[in-house]
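Summary of the model geometry
Here are the chains, one letter per residue:
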Number of protein chains: 2
Amino acid sequence: MVPAMSEVAPPENAGSIPDLVELVHHVMKGALRHVQPTLNSEEISMGQFWALHTVSSLDSASLGTVARTLNLSPPTVCANIDALEESGLVRRHRSEKDRRSIEISLTPRGRRVEARVWREVSAVISGAARGVPGSDLATSIRTFRTIADRLDQGPVPRRAGA
Amino acid sequence: MVPAMSEVAPPENAGSIPDLVELVHHVMKGALRHVQPTLNSEEISMGQFWALHTVSSLDSASLGTVARTLNLSPPTVCANIDALEESGLVRRHRSEKDRRSIEISLTPRGRRVEARVWREVSAVISGAARGVPGSDLATSIRTFRTIADRLDQGPVPRRAGA
DNA sequence: TATTGTTATACTCTATAACTATA
DNA sequence: TATAGTTATAGAGTATAACAATA
């Protein structure tokens, strides 16, 4: 027996996905443009900030962990950490348990910079989302969490109508 | 009289915005990783694809229009168009009305490549969004359209709790 | 003078390959 | 041998400044 099409690929989804892709691309570009002055005044690049933010979230992490979290190569993260260390925002110290591994932690100044920039990023998006009902934001977050998790799980199943 | 806090800055929004920012960043990185093999086999870069897609959407556009649409500098778009022209995917021709301006249009092959890659991008996201109710996708699109439009309108108003 | 596109140039971000130290 | 991090190097992607042609 052939299943009804609506059980396999809900037709109402397929058509709207391209709009979502364009909007997300547009929002990323726009948000970056708004945040750039803050990054400039803190003398930090966007890539450096994501590394800083990741270390902050994980509260001390190895370089490899940061690379895996951000889906970047170790040399890329290494260069970012070099710059952050030179600016006095993070410290490197070898792990006691495994002397190959190096642990990265934030300096007090690193913590302050991370908090300031992250607050600014949130303020920009929050300001742009003024008036959007909390329930709509919650739905968007749920939707994006689903998509993010599935993209992390390897190849996504394809559907004819997609 | 001081307004109640919930009328000024709904507290349920402020806290969830950082999650949304992280998820969008993660989805962008993940989607790029999934689409990269298609871009490689079409021998086209992501930047070139966005230029191609923009020309396709606008159905012939000037270089400046593409640059403004993508929020990129004219030299950046010029380089992308150079590459696309060399690959035989677009054509340049001077405008009759204003001979400073050059119009860009897709070749038949450009149309086919654009359609293939865009279908693949949509398929990746669509596959990752399988099972998400169409109404949730519609809500996400509405939310992102609001945010994108506001980011385009210049500086966003800041709120204390953001 | 102002605008459209281009060229010249430089800087950032990123990855792969080769290397070092440790396991 | 395998893994964590680093160095060397090269290729995209991007922007600003200077230029050409046209308005």
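Residues numbered from 1 in each chain as written. Chains lettered and ligands numbered in written order. Predicted model: local features only at pLDDT ≥ 70, side-chain atom pairs only at ≥ 80, totals over all residues. Heavy atoms only, no water.

1. Focus: the packing of aromatic side chains
For clarity, the threshold we go by: Note on aromatic contacts: the rings of Phe and Tyr and the six-membered ring of Trp form a pair at centre separations within 6.5 Å, being stacked when their planes are under 30 degrees apart, edge-to-face when over 60 apart, and tilted otherwise. For helices the rule is a DSSP run of H or I covering at least 4 residues; for strands it is a run of E covering at least 2, with both sets numbered from the N terminus onward. Only protein chains enter the calculation, and the probe is 1.4 Å; a residue is then buried if its accessible area is under 20% of its type maximum, exposed if over 50%, and partly exposed in between.
Going through the model one piece at a time under the given rule, you end up with seven aromatic pairs over all chains. With a centroid separation of 6.1 Å and an interplanar angle of 25°, the aromatic rings of A:F49 and A:W118 are classed as stacked. With a gap of 69 residues between them, A:F49 in helix α4 (residues 46–58) and A:W118 in helix α7 (residues 108–128) connect regions that are remote in the sequence. Overall, the relative accessible area of 0% leaves A:F49 in the buried class. Consider the rings of B:F49 and B:W50, whose centres lie 6.3 Å apart with planes at 55°: the pair is tilted.

2. Things to note about the protein's contact with DNA strand D
Just so we agree on the cut-off: A molecule or strand has a residue near it when one of that residue's heavy atoms lies within 4 Å. Identification of polar contacts relies on pairs of N or O atoms within 3.5 Å, with a donor-acceptor requirement for protein atoms, meaning one able to donate a hydrogen and the other able to accept it, and with residues adjacent in sequence counted only if both atoms are side-chain atoms.
Residues in contact with DNA strand D amount to 20 residues; listed here are only the nearest, A:L63, A:G64, A:R92, B:S73 and B:T76. Of everything in DNA strand D that lies within 4 Å of the protein, sugar and phosphate atoms constitute 71%. Here a base oxygen of DNA strand D and a side-chain polar atom of A:R100 are 3.1 Å apart. For the surface near DNA strand D, the secondary structure elements donating two or more residues are α5 (63–70) and α6 (74–86) of chain A together with α3 (46–58) and α5 (74–86) of chain B. It is α6(A) that contributes the most residues to the surface near DNA strand D, three residues altogether.

3. Focus: the relation of the copies chain B and chain A
The test is simple: Least squares is the method used to superpose the copies, on C-alpha atoms of residues holding a pLDDT of at least 70 in both. Contact between two residues is taken to exist if any of their heavy atoms lie within 4.5 Å; hydrogens are not considered.
Mapping chain B onto chain A calls for a rotation angle of 180° and an axial translation of 0.0 Å; the resulting RMSD is 0.0 Å. Seen this way, the second copy is the image of the first under a two-fold rotation axis. The position closest to the rotation axis in chain B is occupied by the C-alpha of B:S140, lying 2.3 Å away. The residues that chain B uses at the interface reappear at the interface of chain A in 100% of cases, marking a shared surface.

4. Re the protein's contact with DNA strand C
What surrounds DNA strand C is a group of 19 residues, the closest being A:S45, A:T76, B:L63, B:G64 and B:R92. Restricting the count to atoms of DNA strand C within 4 Å of the protein gives a sugar and phosphate share of 73%. Separating a phosphate oxygen of DNA strand C from a backbone N or O atom of B:L63 is a distance of 3.4 Å. At 2.9 Å, a side-chain N or O of B:R92 approaches a phosphate oxygen of DNA strand C.

5. Re the pattern of salt bridges
Put simply, the test is: A carboxyl oxygen of Asp or Glu within 4 Å of a side-chain nitrogen of Lys or Arg is what we treat as a salt bridge.
One pass over the structure, following the stated rule, counts twelve salt bridges over all chains. With a shortest N-O distance of 3.0 Å, B:R142 and A:D136 are connected by a salt bridge. On the criterion of chain membership, the pair formed by B:R142 in helix α7 (residues 134–152) and A:D136 in helix α8 (residues 134–152) is interchain, its members lying in two chains. Each of A:D82, A:E85 and A:R92 takes part in salt bridges that share partners, so that together they form one network.

6. Points about the sheet that holds strand β2 (residues 90–94) of chain B
All names here are of chain B. Applicable threshold: Whether two strands pair comes down to DSSP finding at least two bridges between them. Axis lines are fitted to C-alpha atoms, over the contacting stretch for helices. Their N-to-C directions set the angle, which ranges from 0 to 180 degrees.
Read across the open sheet, the three strands follow the order β1-β3-β2; overall the sheet is antiparallel. Of all strands in the sheet, those with a lone pairing partner are β1 (61–62) and β2, marking the two edges. Across five bridges, β2 lies against strand β3 (residues 102–106) in antiparallel orientation. Following the sheet pairing, R92 is matched in β3 by I104. Running over the sheet, α5 touches β2 and β3 and is turned about 115° from β2.

7. Details of the side chain of B:S140
Topologically, B:S140 is positioned in helix α7. Residue B:S140 is classed as buried on the basis of its relative accessible area, which comes to 0%. Apart from the residues within four sequence positions on either side, B:S140 is in contact with A:L20, A:T139, A:S140, A:T143 and A:F144.

8. Details of the confidence of the model for chain A
Here is the rule we go by: The predictor rates its confidence in each residue with pLDDT, a number between 0 and 100.
Chain-level statistics for chain A give a pLDDT mean of 89 and a share of 89% at 70 or above. Predicted confidence for residues 1–12 of chain A stays below pLDDT 50, and this span has six contacts to residues more than four positions away or in other chains.

9. Section: the interface of chain B and chain A
Here is the rule we go by: Once two parts are put together, the accessible area they lose, assessed with a 1.4 Å probe and summed over both, is termed the buried area. In the scheme used here, Gly and all other residues not listed as nonpolar or charged are polar, with Ala, Val, Leu, Ile, Met, Phe, Trp, Tyr, Cys and Pro taken as nonpolar and Asp, Glu, Lys and Arg as charged.
Listed per partner, the contact involves 66 residues of chain B and 66 residues of chain A. For the pair chain B and chain A, the two sides together bury roughly 6,600 Å², of which 66% comes from carbon and sulfur. The interface formed by chain B and chain A holds four salt bridges in total. Summed over the shared surface of chain B and chain A, the number is 18 residue pairs in polar contact (both at pLDDT 80 or more). If you list the elements that add at least two residues to the side of chain B that touches chain A, you get α2 (11–42), α3, α4 (63–70), α6 (108–128) and α7 of chain B. Class assignment of the residues belonging to the side of chain B that touches chain A gives a composition of 32 nonpolar, 19 polar and 15 charged.

10. As for the sheet that holds strand β2 (residues 90–94) of chain A
Here three strands make up an open sheet; going across it, the order is β1-β3-β2 (chain A) and the pairing antiparallel. Every other strand in the sheet has two partners, leaving β1 (61–62) and β2 of chain A as the edge strands with one partner each.

11. Quick look at the packing of α7(A) against α7(B)
Defined as follows: Put simply, angles under 35 degrees are roughly parallel, angles over 145 are roughly antiparallel, angles from 65 to 115 are roughly perpendicular, and the rest are oblique.
In contact at an axis separation of 8 Å, α7(A) and α7(B) are set at 110° when each is read in the N-to-C sense. Judged by the inter-axis angle, α7(A) sits roughly perpendicular to α7(B). Residues A:V124, A:I125, A:G127 and A:A128 of α7(A) form the contact with α7(B), whose own contacting residues are B:T146, B:I147, B:R150 and B:L151. Of the residues belonging to the contact of α7(A) with α7(B), the class tally is five nonpolar, two polar and one charged.

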